Every structure is written in structure tokens, then in C-alpha cells.
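Take a look at the letters that make up each chain.
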Amino acid sequence: MSQRSRVLPGFGLSLGFTLAYLSLIVLIPLSAVFIKSLGIGWDGLWEILSSERILKSLQLSFSAALIAAFINVIFGLLLAWCLVRYSFPGKRIVDALVDLPFALPTAVAGIALTSLYAPTGWLGQYLEPIGIKVAYTPIGITLALIFIGIPFVVRTVQPVLSDFETELEEAASALGANRFQIITKVILPVLFPALLTGFALAFARGVGEYGSVIFIAGNQPFETEIAPLMIISRLEEYDYAGATTIAVVMLVISFAILFLINLVQAWASRRTGRTVK
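So, how was this worked out
Residues numbered from 1 in each chain as written. Predicted model: local features only at pLDDT ≥ 70, side-chain atom pairs only at ≥ 80, totals over all residues. Heavy atoms only, no water. UniProt positions renumbered as here; feature names shortened; annotations may be inferred. Domains from an automatic or database assignment. Buried area = accessible area lost by both parts, 1.4 Å probe. Salt bridge = Lys/Arg side-chain N within 4 Å of Asp/Glu carboxyl O. Polar contact = N/O pair within 3.5 Å; in protein donor to acceptor, adjacent residues only side chain to side chain. Nonpolar A, V, L, I, M, F, W, Y, C, P; charged D, E, K, R; others polar. Phe/Tyr/Trp six-rings, centres within 6.5 Å; stacked < 30°, edge-to-face > 60°. Helix = DSSP H or I, 4+ residues; strand = E, 2+ residues; numbered from the N terminus. Buried < 20%, exposed > 50% of the residue type's maximum accessible area, 1.4 Å probe, protein only. Core = buried A, V, L, I, M, F, W, Y, C linked by side-chain atoms within 4.5 Å. Contact = heavy atoms within 4.5 Å. Axes fitted to C-alpha atoms, helices over the stretch in contact; angles between N-to-C directions. Left-handed = near helix turned anticlockwise from the far one by under 90°.

- For the chain, the name recorded in an unreviewed UniProt entry is Sulfate transport system permease protein CysT, with Acinetobacter chinensis as its organism.
- The chain has a UniProt comment under Sequence similarities (unreviewed entry) that states "Belongs to the binding-protein-dependent transport system permease family. CysTW subfamily."
- UniProt, in the comment section headed Subcellular location (unreviewed entry), describes the chain in these words: "Cell membrane".

See the structure below:
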């Protein structure tokens with residue numbers, strides 16, 4: 001039996017090229033970060049990690065990213081549903097606007113949000129008198145992360161929703177299922193792996209986001225300082241070991257959360273018999 005022809009070369013050569021490329025781009029830089037952070041010793045690591053200012057910044061970065069990702073899952077699903085299931089005037093414009101955070105420089109997004117929600121901004125001047133302060137608070141940080149993260153959810157869910165067979169909904173309705181049962185028993189199980197993927201992408205983007213957050217955060221110590229800002233501050237002070245230590249902590253926590261999300265996604269894919277591409 002003749003061997004099946006392949007476009008790419010043999011497995012050994014392809015795997016070797018892949019591992020070499022992955023090592024140069026990912027593994028070696030990450031290893032350098034770990035080695036640099038360990039160069040200050042365990043006492044130095046503990047001194048940096050026990051700093052209340054750094055702990056507060058890490059807590060703010062991860063909590064804001066998680067909240068923003070959860071919100072993006074809800075509204076991203078609704079937006080993707082409207083774009084796939086309905087036709088309305090200006091649909092193509094809305095579909096194009098979804099990708100705007102990808103094309104727009106993050107610093108421009110941060111300045112625009114600050115000009116809107118600052119106490120003297122177009123919206124902030126009406127929110128401030130009723131006790132709602134957005135700019136220079138964790139709310140503003142979360143809002144910026146929602147803005148830059150929602151395209152990940154929409155573009156991940158949209159193709160899965162486009163391929164979803166509406167006959168399944170019609171069959172469930174014919175068998176007596178109500179709308180809530182159709183959503184929870186028929187639609188969401190199929191979309192769940194894609195939603196998890198969008199959540200993971202939005203969360204990963206939010207944790208390391210700097211440009212769109214730095215302007216609206218206000219950078220108040222112990223209150224609105226994000227972890228990427230602490231890394232930049234340490235670099236400006238030529239404290240490379242301190243900067244890499246904070247980066248390592250963010251890397252480890254992010255990897256643990258993303259690994260957990262991938263496990264849940266794999267479990268959901270096995271249950272539904274679908275995989276997210």
C-alpha cells in the first residue's frame with residue numbers, strides 16, 4: 001500500500017521545526033524571566049511578593065479581568081446572537097464595529113473612555129452628581145477591559161452559532177420544550193466550549209492590558225494601580241529582578257486559571273461531541 005502523500009514534510013522534521021520555533025519565541029524568553037526573578041534569592045522574592053502595594057495591584061488586575069470577562073461572555077453572546085440570527089439596518093456596520101478594539105490603539109481607547117467618564121466628561125458630569133464615579137476607580141478599569149475584550153467572545157461564538165442547526169430548536173419545540181428549556185438544554189451546551197474559549201481569551205487580554213487602562217485608572221497607590229503598571233515602574237527604576245518577579249507571579253496565576261478553563265472546556269467538548277477550532 002502506497003504511503004499517503006502530504007503537503008508538509010515528515011513528522012520528525014515538522015515536529016523539530018515546531019519545537020525549535022516554540023522554544024525561540026516562547027520557552028526561552030519565559031525561562032529567562034524565571035531565571036532573572038530567581039537571581040535575587042528567596043528572601044528577595046518574599047520581600048517583593050509580601051509588599052502590600054504589589055498584592056493590591058495583582059488583586060485588582062485579576063479581579064477586574066475576571067469580572068470583565070464574565071460580562072463580555074453575557075453581552076458578547078447576545079451580540080453574536082443578534083448578528084447571526086437577525087437582519088436589521090446597519091448590521092454590517094455593527095459587525096465591523098465589533099473589531100474596532102482590535103484596530104484601535106489601546107492608548108486612544110483609554111483617552112476616549114477617560115474623556116467620557118471623567119468628572120467633567122460627557123457622561124461623567126451626569127453620573128458624578130448621583131454618586132456614580134467611573135473614571136479613576138476600579139469600575140473604570142473594568143469598563144476599559146470590557147471594551148478591549150468583547151471582540152474575543154463575539155468572534156469565538158459567532159462561527160459556532162452560525163453552524164448551529166436551527167432544526168434542533170424546532171424539534172425541541174415540537175416535543176414540548178419551552179424557550180427556557182431550549183436555551184439551557186439545546187443551545188447553551190453546544191455554545192459552552194466556545195464561550196469558555198472567548199472567556200479565556202478576554203481574561204488573558206485583560207490581565208496584561210496596559211494602554212487602555214493606564215489613563216482611566218488614575219494610578220492611585222493601593223487603590224487603582226494595576227500589576228502591569230507596577231512592572232513598568234520597576235523597569236523605570238532599573239529594578240529588573242523586581243519587574244520579572246511580578247511578571248512571573250502574573251504568569252503562574254494566569255497559566256493556572258487558563259489551564260483550569262481548558263480542562264473544563266475539554267470536558268464540555270466531550271459531552272457535546274464538538275470541538276472548538
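**Concerning the domain arrangement of the chain**
Okay, step 1: By the assigned domains, the chain splits into domain 1 (8–41) and domain 2 (51–272).
Okay, step 2: Domain 1 and domain 2 are separated by 29 Å when their C-alpha centres are compared.
Okay, step 3: Counting each side, the surface lost to burial between domain 1 and domain 2 is near 590 Å², with a carbon and sulfur contribution of 88%.
Okay, step 4: Summed over the shared surface of domain 1 and domain 2, the result is 0 salt bridges.
Okay, step 5: Put simply, domain 1 and domain 2 have 0 residue pairs in polar contact (both at pLDDT 80 or more) between them.
Okay, step 6: Split by residue class, the side of domain 1 that touches domain 2 holds 4 nonpolar, 1 polar and 1 charged.

**Some remarks on the packing of aromatic side chains**
Okay, step 1: This structure, assessed with the given rule, holds 6 aromatic pairs.
Okay, step 2: Taken together, a centroid distance of 5.1 Å and an interplanar angle of 80° make the contact between Phe-102 and Phe-152 edge-to-face. Taken together, the positions of Phe-102 in helix H5 (residues 100–103) and Phe-152 in helix H8 (residues 138–163) put the pair 50 residues apart, joining distant regions of the chain.
Okay, step 3: For Phe-152, a relative accessible area of 18% gives the class buried.
Okay, step 4: When the ring of Phe-255 is compared with that of Phe-259, the centres are 6.2 Å apart and the planes differ by 15°; the resulting orientation is stacked. Pair noted here: Phe-255 and Phe-259 are both in helix H13 (residues 240–272), with a separation of 4 residues, about one helical turn.

**Regarding the nonpolar core**
Okay, step 1: Core analysis: the largest hydrophobic core is formed by 56 residues, its most contacted members being Leu-58, Ile-141, Leu-145 and Val-157.
Okay, step 2: Of all the secondary-structure elements, those providing two or more residues to this core are helix H3 (52–85), helix H6 (106–117), H8, helix H10 (179–207), helix H11 (211–217), helix H12 (227–236) and H13.
Okay, step 3: Among the elements that take part in this core, H10 stands out by supplying 13 residues, more than any other.
Okay, step 4: Those residues in contact with Ile-141 that lie beyond four places of it in its chain are Leu-60, Ala-64, Val-213, Ile-216, Ala-217, Thr-224 and Ile-226.

**Quick look at the packing of H3 against helix H4 (residues 91–98)**
Okay, step 1: Contact geometry for H3 and H4: axes closest at 10 Å, N-to-C directions at 145°. As for how H3 packs across H4, the hand of that crossing is left-handed. Judged by residue contacts, Leu-79, Leu-83 and Val-84 of H3 engage Lys-91, Val-94, Asp-95 and Val-98 from H4.
Okay, step 2: Among the residues forming the contact of H3 with H4, the class breakdown is 5 nonpolar, no polar and 2 charged.

**A short note on the UniProt feature "domain: ABC transmembrane type-1" (unreviewed entry) in the chain**
Okay, step 1: Under the UniProt annotation, the feature "domain: ABC transmembrane type-1" (unreviewed entry) is placed at residues 58–261.
Okay, step 2: Taken end to end, residues 58–261 is 78% helix and 0% strand, and its first and last C-alpha atoms sit 20 Å apart.

**Structural notes on unusual backbone geometry**
Okay, step 1: Phi is positive for Phe-222, which is not a glycine, with a value near 70°.
Okay, step 2: By the element assignment, Phe-222 lies in the loop between H11 and H12.
Okay, step 3: With phi around 60°, Tyr-238 is a residue other than glycine that occupies positive phi space.
Okay, step 4: The residue Tyr-238 is located in the loop between H12 and H13 in this model.

**Quick word on the environment of Phe-70**
Okay, step 1: Among the structural elements, Phe-70 can be located in helix H3.
Okay, step 2: Sequence spacing of Phe-70 and Ala-256 is 186 residues, and the spatial spacing of their C-alpha atoms is 18 Å.

**Topic: the UniProt feature "transmembrane region" (unreviewed entry) in the chain**
Okay, step 1: Under the UniProt annotation, "transmembrane region" (unreviewed entry) lies at residues 12–40, 60–84, 96–118, 130–154, 186–204 and 240–264.
Okay, step 2: Split by type, residues 96–118 is 83% helix and 0% strand. Its first and last C-alpha atoms lie 28 Å apart.
Okay, step 3: In this annotation, residues 130–154 is assigned 68% helix and 0% strand; the end-to-end C-alpha distance for the span is 33 Å.

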